[in-house]
Amino acid sequence: MNKLLMEENERLQKQVTQLVHENAYMRQQLQNASLANDTSCESVVTTPQNALRDASNPAGLLSIAEETLAEFLSKATGTAVDWVQMPGMKPGPDSIGIVAISHCTNGVAARVCGLVSLEPTKIAEILKDRPSWFRDCRSLEVFTMFPAGNGGTIELVYMQTYAPTTLAPARDFWTLRYTIGLEDGSLVVCERSLSGSGGGPHATAAHQFVRAEMLPSGYLIRPCDGGGSIVHIVDHLDLEAWNVPEVLRPLYESSRIVAQKMTTAALRHVRQIAQEMNGEVVYTLGRQPAVLRTFSQRLSRGFNDAINGFVDDGWSLMGGDGVEDVVVATNTSKKISAQANSANAFSVSGGVICAKASMLLQNVPPALLVRFLREHRSEWADYNIDAYSAASLKTGSCSFPGLRPLRFSGSQIIMPLAHTVENEEFLEVVRLEGQAVAQDEAILSRDVHLLQLCSGIDENAVGACFQLVFALIDELFPDDAPLLPSGFRVIPLDTKSEGLSSSRTLDLASSLEVGSATNRCAGDTPTIDHNLRSVLTIAFQFPYEVNLQDSVAAMARQYVRSIVSSVQSVSLALSPSRPGLHVGQRLLPGSPEAVTVARWICQSYSYYLGMELLRYDGETGESLLKMLWHHQDAILCCSFKMQPIFTFANQAGLDMLETTLVALQDISLDKIFDESGRKALCSEFAKLMEQGYAYLPAGVCLSGMGRHVSYEQAIAWKVPGEDSNVHCLAFCFMNWSFI
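If you're wondering where the values come from, they're calculated on a predicted model, not measured in any experiment. (Residues numbered from 1 in each chain as written. Predicted model: local features only at pLDDT ≥ 70, side-chain atom pairs only at ≥ 80, totals over all residues. Heavy atoms only, no water.)

### Here we look at the overall build of the protein chain
Helix and strand content of the protein chain: 17 helices and 28 strands. When the 739 residues of the protein chain are sorted by exposure, 56% land in the buried category. Long-range contacts, defined as pairs at least 24 residues apart, comprise 66% of the intrachain contacts of the protein chain with a sequence gap of at least 6. For the protein chain, the computed accessible surface area is about 32,000 Å², with 51% contributed by carbon and sulfur atoms. (Helix = DSSP H or I, 4+ residues; strand = E, 2+ residues; numbered from the N terminus. Buried < 20%, exposed > 50% of the residue type's maximum accessible area, 1.4 Å probe, protein only. Contact = heavy atoms within 4.5 Å. Areas by Shrake-Rupley, 256 points an atom, 1.4 Å probe, with all protein chains shown as cover.)

Structure representation (structure tokens):
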């Protein structure tokens with residue numbers, strides 16, 4: 001692939017040079033013709049309305065289009081932009097492609113090149129439909145289109161984008177888009193902004209947006225021999241960062257965020273479509289890929305609509321209670337259905353209320369926070385509100401005041417539906433199990449179902465934002481099920497740092513060592529930003545009856561405040577207490593560090609069973625911990641107490657329990673075994689205490705998410721410390737898999 005791309009780059013650089021010369025000649029000819037007609041190309045650029053009125057002679061727009069083509073090609077295949085490799089993108093056969101971002105360039109820019117097993121025309125068709133893959137795109141309208149006379153097509157396009165938080169206005173673009181085939185069979189779609197802040201078909205709504213600029217950008221798609229295409233994508237923007245609060249400016253000045261949210265997202269999308277068309281992707285529950293993709297888009301769009309609250313969508317602010325920490329808005333025209341006339345439409349006589357807030361987080365790893373919110377819903381959510389929202393979804397009647405209590409069993413079952421190729425986003429159904437307290441509530445379904453979209457919580461995923469968005473659904477949710485999305489979005493502000501891993505144990509393996517930190521060499525210390533800042537945006541939507549608007553608004557405001565308080569408490573727990581110490585480095589208060597525990601586990605296994613747990617050549621310290629961490633079998637360690645709780649697990653162990661190292665201590669030993677497993681452990685416990693180890697037969701255990709996990713065999717053994725006292729018990733589950 002590298003050889004092919006190098007040859008392609010050399011060929012295209014020569015072509016760019018030729019096009020630049022041809023473009024200069026064409027501009028000179030057009031300027032001469034314009035002067036003869038007492039017009040100028042410059043007037044066309046600055047006043048696009050004049051060009052539209054003079055569509056019978058679009059020489060000015062053609063000049064802009066040809067100039068855009070030449071500048072785009074010089075960025076896509078040349079050095080018109082000072083490109084540097086994007087940090088964190090690992091090259092190799094599993095990578096998205098060759099990703100670069102701009103360095104010391106006007107605006108923010110990103111470039112990616114990769115292979116896609118589709119024909120150029122199909123790729124161009126997909127990429128031009130920006131709302132289908134760019135989650136921040138609110139709308140895109142082609143205002144006018146006409147042939148360029150050279151086989152190409154010129155379009156004038158107006159695009160609106162969402163703001164990622166409640167703290168800054170949204171952006172819009174007024175652009176010229178030029179589609180042209182090159183002599184070598186390549187297809188180019190290039191685009192740039194037309195000057196003038198009032199341009200576009202929706203100038204009356206411009207007060208809700210800040211006009212941003214798109215510098216020459218686009219797609220170069222070259223067919224490959226034998227099928228497929230090489231795709232070059234360039235995005236170059238000026239997002240007018242001066243118009244946002246200073247703390248948020250990194251979001252608008254980061255080429256890396258543009259790469260993650262636009263450039264690589266585009267390439268991932270066409271690759272996803274290609275794999276679906278080739279039959280390489282199989283989804284559960286018999287859903288078609290396009291339907292599941294639509295669900296993801298509707299969740300994301302509904303959440304963005306709630307955060308932005310555009311007036312032309314029907315949103316209006318409600319009066320507050322004197323404290324401006326939570327913004328409450330109402331929408332009386334909200335249509336909570338994919339199709340307005342759908343039989344499954346959810347309509348009430350009132351409308352929808354949205355309570356939203358944004359807050360700054362310090363030293364909180366975004367992926368870890370979102371994983372905690374996903375896996376421990378009971379820590380922040382009110383099950384009664386979920387249950388009655390679900391009931392209102394079925395009955396069409398909203399009566400939040402006077403809630404009668406229900407109990408949440410604490411169990412949530414997560415059923416995966418779909419995920420993107422690289423697992424940076426996945427769709428799932430969550431079942432919350434509840435119990436009615438009052439007898440007259442027996443008619444209500446005790447279980448609550450959520451359709452949930454997760455982004456950025458996979459530790460290998462690279463994303464610009466980490467979010468958890470969900471909507472209540474009926475358990476049989478049809479393809480046009482009504483959705484009212486709510487959720488959380490965390491966006492890192494310090495984009496130059498790598499931040500912290502979503503799994504604390506990865507940090508342990510790279511940074512822990514027995515003894516004082518001063519014993520370490522400076523070069524051995526990992527470079528981690530302990531001043532990581534991010535902005536958290538929360539938005540929750542509630543339907544209401546017209547006579548209950550004020551009551552539901554007060555409930556929504558208070559509910560979001562309670563969620564904010566819960567998130568702040570969780571953030572304090574997840575935040576490192578000081579540089580050099582991470583949550584989870586101490587497995588329990590007063591317990592030895594992870595490296596020491598890893599050594600004890602391996603030494604005790606060898607002592608009691610007469611064989612080595614790991615294949616190693618005398619490795620110690622961090623090397624030993626890393627080997628244990630990457631061991632294929634699930635290795636767990638629990639405290640040796642009356643109520644044993646887990647204190648350590650390797651990666652396979654965390655995967656089996658579907659939890660994180662921080663949340664591991666919430667799981668006790670008795671919770672993971674079923675009845676037969678507990679009996680087997682009790683029957684072997686005396687032998688375990690006497691000889692130091694015991695073999696457990698094949699069985700079934702439960703993950704932290706309530707899923708059943710089968711294993712072929714398990715070994716339990718005692719783990720004594722330096723003082724020969726037993727500090728914990730270790731378990732090794734072999735050949736485990738989800739049932």
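### Things to note about the confidence of the model for the protein chain
When pLDDT is averaged across the protein chain, the result is 77; 71% of the residues are at 70 or more. In this model residues 400-405 is a low-confidence stretch, pLDDT under 50, and it forms 17 contacts with partners more than four residues away in sequence or in other chains. In this model residues 441-445 is a low-confidence stretch, pLDDT under 50, and it forms 5 contacts with partners more than four residues away in sequence or in other chains. (pLDDT = per-residue confidence, 0-100.)

### As for the packing of aromatic side chains
What the rule picks out here adds up to 19 aromatic pairs. Ring plane angle 75 degrees and centroid distance 4.8 Å describe the contact between Tyr605 and Trp717, whose orientation is recorded as edge-to-face. Of this pair, Tyr605 sits in helix H13 (residues 594-609) while Trp717 sits in strand S26 (residues 713-720), placing them 112 residues apart in sequence. According to the relative accessible area criterion, Tyr605 is buried, its value standing at 5%. (Phe/Tyr/Trp six-rings, centres within 6.5 Å; stacked < 30°, edge-to-face > 60°.)

### What about the sheet that holds strand S23 (residues 693-696)?
Neighbouring strands of a sheet are bound in pairs by backbone hydrogen bonds; such pairs are parallel or else antiparallel. As summarised here, the arrangement of the 5 strands in space is S22-S21-S27-S26-S23, forming an open sheet in which the pairing is antiparallel. Each edge of the sheet is formed by a strand with only one pairing partner; in this case those strands are strand S22 (646-649) and S23. Pairwise comparison of adjacent strand axes, ignoring direction, gives a mean angle of 20 degrees for this sheet. The sheet strands contacting helix H17 (residues 675-691) are S23, S26 and strand S27 (726-734), and the helix crosses S23 at an angle near 155 degrees. (Pairing = 2+ DSSP bridges. Axes fitted to C-alpha atoms, helices over the stretch in contact; angles between N-to-C directions.)

### Considering empty space enclosed by the protein
If you roll a probe as big as a water molecule over the atoms, it shows you where there is empty space left. Across all of its chains, the model carries 7 cavities of 30 Å³ or more by this definition. If you trace the second largest cavity, you find 20 residues lining it, with Phe134, Asp136, Leu239, Tyr252 and Lys261 closest to the centre. Mapped onto the lining of the second largest cavity, the elements with two or more residues apiece are strand S5 (153-161), strand S6 (170-181), helix H6 (249-252) and helix H7 (255-277). With 4 residues, the single largest contributor to the lining of the second largest cavity is H7. Tallied by class, the residues present in the lining of the second largest cavity amount to 16 nonpolar, 1 polar and 3 charged. (1 Å grid on protein atoms, 1.4 Å probe; cavity = no way out; pocket = protein on both sides within 12 Å on 5 of 7 lines; lining within 4 Å. Points joined across faces, edges and corners; volume = space filled by probe spheres on them. Nonpolar A, V, L, I, M, F, W, Y, C, P; charged D, E, K, R; others polar.)

### Observations concerning the pattern of salt bridges
Across all of its chains, the model carries 15 salt bridges by this definition. The residue Asp136 makes a salt bridge to Lys261 at a minimum N-O spacing of 2.5 Å. Of this pair, Asp136 sits in the loop between helix H5 (120-128) and strand S4 (137-147) while Lys261 sits in helix H7, and the two are 125 residues apart along the sequence. Given a relative accessible area of 23%, Lys261 falls into the partly exposed group. With its nearest N and O atoms 2.9 Å apart, the salt bridge here joins Arg138 to Asp312. (Salt bridge = Lys/Arg side-chain N within 4 Å of Asp/Glu carboxyl O.)

### Thoughts on the nonpolar core
Counting 47 residues, the largest nonpolar core has Val116, Ile123, Leu127, Ile233, Leu237, Leu251 and Leu267 as its most contacted members. Listing elements by their share of this core, those giving two or more residues are strand S2 (98-102), strand S3 (108-116), H5, strand S7 (187-193), strand S10 (217-223), strand S11 (229-238), H6 and H7. By residue number, the principal contributor to this core is H7, which donates 9 residues. Not counting residues within four places of it along the chain, the set of residues in contact with Leu251 comprises Ile257, Ile491, Pro492, Leu493 and Val535. If you look at the next biggest cluster of nonpolar residues, it comprises 43 residues, including Ala355, Phe372, Phe542 and Val552. (Core = buried A, V, L, I, M, F, W, Y, C linked by side-chain atoms within 4.5 Å.)

### Description of the environment of Met611
With respect to the secondary-structure elements, Met611 resides in the loop between H13 and helix H14 (621-629). Not counting the four nearest positions on each side in its chain, Met611 is found in contact with Tyr605, Ser606 and Tyr695.

### A look at the side chain of Gln452
Turning to its location among the elements, Gln452 is positioned in strand S17 (residues 448-455). Within the structure, the side chain of Gln452 is placed 2.8 Å from the side chain of Glu428, a separation counted as a polar contact. Not counting the four nearest positions on each side in its chain, Gln452 is found in contact with Leu299, Arg374, Arg377, Phe426, Leu427, Glu428, Val430, Leu468, Val469 and Phe470. (Polar contact = N/O pair within 3.5 Å; in protein donor to acceptor, adjacent residues only side chain to side chain.)

### Things to note about the sheet that holds strand S28 (residues 737-738)
The strand order S24-S25-S28 describes an open sheet built from 3 strands, whose pairing is antiparallel. The strands lining the two open edges of the sheet, one partner per strand, are strand S24 (699-702) and S28. Pairing between strand S25 (residues 708-711) and S28: 2 bridges, direction antiparallel. Following the sheet pairing, Ser710 is matched in S28 by Ser737.

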